[in-house]
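Coordinates in review
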Amino acid sequence: MDNQTWQSRKSDAIPEGIGILCDFYMDRALNAELWDVQGRRYIDFAAGIAVTNTGHCHPRVVAAISQQLGRFTHTAFQISPYSSYVELAEKINQRTPGHHKKKTAFFTTGAEAVENAVKIARAATGRTGVIAFSGAFHGRTFMGLALTGKVSPYKLGFGPFPGDIYHAPFPNALHGISVQDSLDAIDALFKSDIDPRRVAAILVEPVQGEGGFNVAPPEFLQALRSLCDRHGILLIVDEIQTGFGRTGKMFAIEHSGVVPDLMTMAKSLAGGMPLSGVCGRAQIMDAPVPGALGGTYAGNPLALASALAVLDIIDAENLVERASVTGDRLRATLNDLAASMPAIAQVRGLGAMIAVEFRDPEDGRPDPELTAQIQKRALRNGLLLLTCGVYGNVIRFLFPLTIEDAVLDEGLHILSEAIRG
């Protein structure tokens, strides 16, 4: 069946609220390459929105899932537990920042991880307020949407949202917001909106995802840590898009030297299988009473098997270091283009989590139209790109860290041609 037929069937069967970028349908994928049902090949610079850092169908992931599939697919960990949950929790506790005692709970989606991190923070502190940031994305559930600092398309028509959630501006030098501006805004919240003694947590992405791959300056994260310590607030770091080697560190927060109280993770944790987690200080994680955390599918055994394989692949193939190598090649390509393309306002990011922002060179305004044109030109030539940013004027790059050099070079050539027009 061809793409057009499936597209027609999709329109009849699936709601418009599920936004879909491509009009072709996948048949198979391998590492950083995709093939549709009509046999056309695409280079994947999206990785399922940062999910397949270890590439599509990595043989070690396939083998791990296949082996578990032959044993059992589901028992519900809360009913009949299995050792892979404990083993993965131990490994996450060891690999996350800080030498204190930690515990980890597993869930299914990133939004679930965020919601449970808020639950844990409220239970541990006896407080209810949470501060997040403009441009943030923390999921499509109601608490996730309340925390998300971007209205369109996520919040349109869905309010009201849970209360006691507050937003401060995220530092962004290109947009005229300094670290001090952000810190002053939090101080203003404490004076006009919420007593800091009622704030359970501050939630921050070390690199904003949907917000435009804006990198939190280390001094900002360090200041948040100090502020939280001063007021007895918990610092929650959202590593759902940044984790597992993407930024040239296992976790992006490591670039700052800051140790959070709680950390959320998902996406590339399990190489394409649905799995998320919350890791944090043991005494904080133990605050909810037995039965308050979990979920029927939380910590699915197939996903856990995949995640254990992913951690082995990251080590065996040096993917943390590989992120810096591939990211440097991408950054060099973009910087070369910027020298002759005044529409490129900024190239930014960490490791292989790189973005390029476009603005009208005449008036300096965000240019989402040009950004969309570049994305479409690249797609016509077989390169899959994602946009992001509050204004939709940013292209973000999330190719698998396992991408072969030749495929990366091919993708960068297509990208250069698409930007040049």
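The preceding data block contains the structure.
A short tour of the structure in this document, coming up. None of these values were measured; they are calculated from a predicted model.

**Observations regarding the packing of aromatic side chains**
Taken as a whole, this structure holds 14 aromatic pairs when the rule is applied. When the centroid spacing of 6.1 Å and the interplanar angle of 75 degrees are considered together, the rings of F170 and F220 count as edge-to-face. Of this pair, F170 sits in the loop between β6 (165-168) and α7 (179-192) while F220 sits in helix α8 (residues 218-231), and the two are 50 residues apart along the sequence. On the basis of relative accessible area, F170 is assigned to the buried category, the value being 3%. The structure contains a cluster of three or more aromatic residues connected by ring pairs, namely F72, F77, Y82, Y85 and F106. Here the basic side chain of R28 rests over the ring of W35, its NZ or CZ set 4.1 Å away from the ring centre.

**Observations regarding empty space enclosed by the protein**
Tallying each qualifying case throughout the model produces 1 cavity of 30 Å³ or more. Taken as a whole, the largest cavity holds about 60 Å³ of empty space. Lining the largest cavity, in full, are T96, P97, H100, K102, P260, D261, L262, M263, C279, G280 and R281. Among the elements of the structure, β9 (262-265) and β10 (276-281) are those that each provide at least two residues to the lining of the largest cavity. When residues of the lining of the largest cavity are assigned to their parent elements, the largest contribution, 3 residues, is made by β10. Looking at the lining of the largest cavity, its residues break down into 5 nonpolar, 3 polar and 3 charged.

**Side note on the sheet that holds strand β3 (residues 41-44)**
Here we have 4 strands laid out as an open sheet, ordered β1-β2-β3-β13, and mixed in their pairing. Edge positions in the sheet fall to β1 (26-30) and β13 (383-384), since each of these pairs with one other strand and no more. Across 2 bridges, the pairing between β3 and β13 is parallel. Of the residues in β13, the one forming a bridge with D44 is L384.

**Quick look at the layout of surface pockets**
Considering only enclosed or pocket space, the second largest pocket measures out at about 470 Å³ in volume. Around the second largest pocket, the lining is made up of 21 residues, and of these Y85, T104, A105, M285 and L293 lie nearest the centre. Secondary-structure elements contributing two or more residues to the lining of the second largest pocket are α4 (83-95) and β4 (102-107). In terms of residue count, β4 provides more of the lining of the second largest pocket than any other element does, 5 residues in total. Taken together, the residues that form the lining of the second largest pocket break down as 14 nonpolar, 5 polar and 2 charged.

**Re the side chain of Q241**
Residue placement: Q241 occurs in the loop between β8 (234-238) and β9. Of the residues examined, Q241 reaches a relative accessible area of 10% and is grouped as buried. Beyond its immediate chain neighbours, meaning those up to four positions away, Q241 contacts I49, A50, G209, E210, F213, R246, K267, M353, R396 and L398.

**A short note on a nonpolar patch on the surface**
Together, M1, W6 and V37 line one region of the surface with nonpolar side chains, adding up to about 270 Å² of accessible area. Within the element layout of this structure, V37 appears in the loop between β2 (33-36) and β3.

**Side note on helix α3 (residues 59-69)**
For α3, the full list of buried residues reads V61, A64, I65 and Q68. The buried side chains of α3 occupy one side of the element, clustering within an arc of 95 degrees when seen end-on. Set apart from the buried face of α3 by more than 90 degrees, the exposed residues are P59 and Q67. In the core, the buried residues of α3 are packed alongside α10 (301-316).

Cut-offs used in this document
- Residues numbered from 1 in each chain as written.
- Predicted model: local features only at pLDDT ≥ 70, side-chain atom pairs only at ≥ 80, totals over all residues.
- Heavy atoms only, no water.
- Phe/Tyr/Trp six-rings, centres within 6.5 Å; stacked < 30°, edge-to-face > 60°.
- Helix = DSSP H or I, 4+ residues; strand = E, 2+ residues; numbered from the N terminus.
- Buried < 20%, exposed > 50% of the residue type's maximum accessible area, 1.4 Å probe, protein only.
- Lys NZ or Arg CZ within 6 Å of the ring centre and 35° of its normal.
- 1 Å grid on protein atoms, 1.4 Å probe; cavity = no way out; pocket = protein on both sides within 12 Å on 5 of 7 lines; lining within 4 Å.
- Points joined across faces, edges and corners; volume = space filled by probe spheres on them.
- Nonpolar A, V, L, I, M, F, W, Y, C, P; charged D, E, K, R; others polar.
- Pairing = 2+ DSSP bridges.
- Contact = heavy atoms within 4.5 Å.
- Patch = residues over 30% accessible without salt bridge, like charges linked within 9 Å, V, L, I, M, F, W, Y side chains within 5 Å.
- Areas by Shrake-Rupley, 256 points an atom, 1.4 Å probe, with all protein chains shown as cover.
- Salt bridge = Lys/Arg side-chain N within 4 Å of Asp/Glu carboxyl O.
- Arc of directions from axis to C-beta.

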